[in-house]
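Summary of structural features
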Amino acid sequence: MKKHIPNFITLLNLFCGCVAVVFAVMNQLEFAAVFVFLGIFFDFLDGFAARILNVKSEIGVQLDSLADMVTSGVVPGIVMFQLLNMAQKDGWNLDLFGMHSQVGLLPLSGFIITLASAYRLAKFNVDENQVSSFLGLPTPANTLLILSLPLILFYQNNETLSVVILNQWFLIGLTILSAFLLNSRIELFALKFENWSFKDNGIKYLFLIGSLVLLLTMKFLAIPFIVVGYILASIIEKQFLAN
């Protein structure tokens, strides 16, 4: 029975992704974010369970990517679509995706994130070297970056932030940057610990502590800074190990 436990947890990730899709299509992006966060938690938990129970399998690897494709591929694409739609219509409108709404071509560019996520996950499945590190930004990290935008709009009401986030050129630029980072050759560390010593995991510990401080002080606005910090910390760690 224990070999099915990680796969069951992965299916919980997929279920959360499906629910998030429903809320994202309805433009209830804050609820979509809740289920995406749950899905990402299950995504972390399934790998942890597989290592603890020593029941890794090829089916588990494939199932994990399929679940991530929904939670961390389809959902951020829909969210970016909705944000671009809002940028064109000057604000939040719960009926933006209603039957009577006209969909422009520009918002559809948000699905570039979905396409880039699919390509990144396909590459990950055939790359046996991405075990202790990643090449390119992992899809869950990218999803957190995209989902942070509506949360900042909704819970940290600031006119300057709203103007920036709902600027279509900012959103298009972020979409292109997101697609690039997902499939870049930048080597990023994985938050996996072979031991608990600070000497071997110093950068990871500092990153986690810094992320916690940012979340406590800046709330959802901290997420973009955490993603940037993750990339910078990985580059610093690589340079440190190289020397």
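Provided above is the structure to which this section pertains.
In this report, we go over the structure that sits alongside the text. (Residues numbered from 1 in each chain as written. Predicted model: local features only at pLDDT ≥ 70, side-chain atom pairs only at ≥ 80, totals over all residues. Heavy atoms only, no water.)

What follows deals with the overall build of the protein. In terms of regular secondary structure, the protein is built from 10 helices and two strands. The helix and strand sequence of the protein, counted from the amino end, reads α-α-α-α-α-β-α-α-α-β-α-α. Here the protein, with 243 residues, has 45% of them falling under the buried criterion. The contacts in the protein between residues at least 6 apart in sequence include a share of 75% that link residues at least 24 apart. For the protein, the accessible surface area stands at approximately 13400 Å², while carbon and sulfur atoms represent 70% of it. (Helix = DSSP H or I, 4+ residues; strand = E, 2+ residues; numbered from the N terminus. Buried < 20%, exposed > 50% of the residue type's maximum accessible area, 1.4 Å probe, protein only. Contact = heavy atoms within 4.5 Å. Areas by Shrake-Rupley, 256 points an atom, 1.4 Å probe, with all protein chains shown as cover.)

Where helix α3 (residues 58–88) contacts helix α5 (residues 112–126), the two axes come as close as 8 Å, and the packing angle between them is 165 degrees. Taken together, the axes of α3 and α5 are roughly antiparallel relative to one another. Like other packed secondary-structure pairs, α3 and α5 cross with a definite hand, here right-handed. On α5, the residues that touch V61, Q62, S65, D68, M69, S72, G73, V74, P76, G77 and M80 of α3 are I113, T114, S117, A118, L121 and N125. Within the contact of α3 with α5, the residues separate by chemical class into eight nonpolar, eight polar and one charged. (Axes fitted to C-alpha atoms, helices over the stretch in contact; angles between N-to-C directions. Parallel < 35°, antiparallel > 145°, perpendicular 65-115°, else oblique. Left-handed = near helix turned anticlockwise from the far one by under 90°. Nonpolar A, V, L, I, M, F, W, Y, C, P; charged D, E, K, R; others polar.)

Another aspect to go through is unusual backbone geometry. Residue N27 is not a glycine yet carries a positive backbone phi of 65 degrees. Residues other than glycine seldom take positive phi values, yet K219 does so here, at roughly 55 degrees. Within the element layout of this structure, K219 appears in the loop between α9 (198–218) and α10 (222–242).

You can see D43 is positioned in helix α2 (residues 29–53). Under the relative-accessibility criterion, D43 is labelled buried at 14%. The residues touching D43, leaving out its near neighbours within four places in the chain, are N13, D64, D68 and P140.

Two elements in contact, α5 and helix α6 (residues 139–155), have axes whose closest approach is 11 Å; the angle formed by their N-to-C orientations is 165 degrees. Taken as axis vectors, α5 and α6 run roughly antiparallel relative to one another. Relative to α6, the crossing made by α5 is right-handed. Across from I113, S117, R120 and L121 in α5, the residues of α6 making contact are T139, N142 and I146. Grouping the amino acids of the contact of α5 with α6 by side-chain chemistry returns three nonpolar, three polar and one charged.

A few words on the nonpolar core. Formed by 43 residues in total, the largest nonpolar core has its most connected members in V75, V79, M80, L83, L137, L171 and Y230. Elements supplying a minimum of two residues to this core: α1 (5–25), α2, α3, α6, α8 (168–182), β2 (187–189) and α10. Element by element, the count of residues in this core is highest for α3, at nine residues. (Core = buried A, V, L, I, M, F, W, Y, C linked by side-chain atoms within 4.5 Å.)

Here the focus is the layout of surface pockets. Its boundaries defined by the atoms lining it, the second largest pocket holds a volume of some 350 Å³. What lines the second largest pocket is a set of 16 residues, and nearest its centre among them are L145, F170, L174, P224 and V228. Looking at the lining of the second largest pocket, the elements with two or more residues in it are α6, α7 (159–165), α8 and α10. Ranked by residues supplied to the lining of the second largest pocket, first place goes to α10 with five residues. (1 Å grid on protein atoms, 1.4 Å probe; cavity = no way out; pocket = protein on both sides within 12 Å on 5 of 7 lines; lining within 4 Å. Points joined across faces, edges and corners; volume = space filled by probe spheres on them.)

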